[in-house]
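Architecture and fold: a report
Each chain, letter by letter, is given below.
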Amino acid sequence: MSLIAVVGVCASGKTTLVTNLKEAGFNAYNVAQEHSCIKKFWNKHHPDILIMIDASLAAIKKRRIVYWDESRLTAQHERLSDAKAHADLYIQTDSLSKEDVLKEVIAFIKKAEAAV
């Protein structure tokens with residue numbers, strides 16, 4: 001079974017995705033890379049699959065109350081730049097439901113695992 005790391009900006013859906021992946025029987029964990037200046041923090045546990053999910057500030061504000069602006073999101077994207085460069089799958093979640101994201105991720109994992 002693959003070890004799956006999930007990174008992304010605040011309120012992109014990381015916690016929800018990891019919870020749903022675990023409930024579906026996958027070995028997934030959330031990496032708080034957006035809060036770390038350590039570029040390779042995402043690689044601490046050497047995941048087999050790295051998934052990055054993202055969201056715009058407009059989508060984030062629809063999901064929860066935030067008191068920060070675009071500059072904070074820009075800083076988070078900078079902290080995530082190495083993870084994004086190494087991501088096996090990148091998903092912009094703005095227009096997707098949590099079910100859509102889960103389906104896309106599970107399909108990707110199954111395809112990746114079948115290729116091994």
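Please read all numbers here as calculations on a predicted model, not as lab measurements. (Residues numbered from 1 in each chain as written. Predicted model: local features only at pLDDT ≥ 70, side-chain atom pairs only at ≥ 80, totals over all residues. Heavy atoms only, no water.)

On to helix α5 (residues 98-115), then. An ideal rise of 1.5 Å per residue puts 26 Å on 18 residues; α5 measures up with 26 Å between its terminal C-alpha atoms. Val101, Leu102, Val105, Ile106 and Ile109 are the residues of α5 that are buried. Angular distribution of buried residues about the axis of α5 spans 125°; they occupy a single face of the element. For α5, the exposed residues lying more than 90 degrees away from the buried face are Lys103, Lys110, Lys111, Ala114 and Ala115. (Helix = DSSP H or I, 4+ residues; strand = E, 2+ residues; numbered from the N terminus. Expected span 1.5 Å × (residues − 1). Buried < 20%, exposed > 50% of the residue type's maximum accessible area, 1.4 Å probe, protein only. Arc of directions from axis to C-beta.)

This part covers the sheet that holds strand β4 (residues 89-92). Spatial ordering of the open sheet is given by β2-β1-β3-β4, a layout of four strands whose pairing is parallel. The open sheet is flanked by β2 (27-30) and β4, the only strands paired with a single partner. Taking each pair of neighbouring strands and ignoring which way they run, the sheet shows an average axis angle of 20°. Relative to β2, strand β1 (residues 3-8) runs parallel, the two sharing four bridges. Across the sheet, Ala5 pairs through a bridge with Tyr29, a residue of β2. (Pairing = 2+ DSSP bridges. Axes fitted to C-alpha atoms, helices over the stretch in contact; angles between N-to-C directions.)

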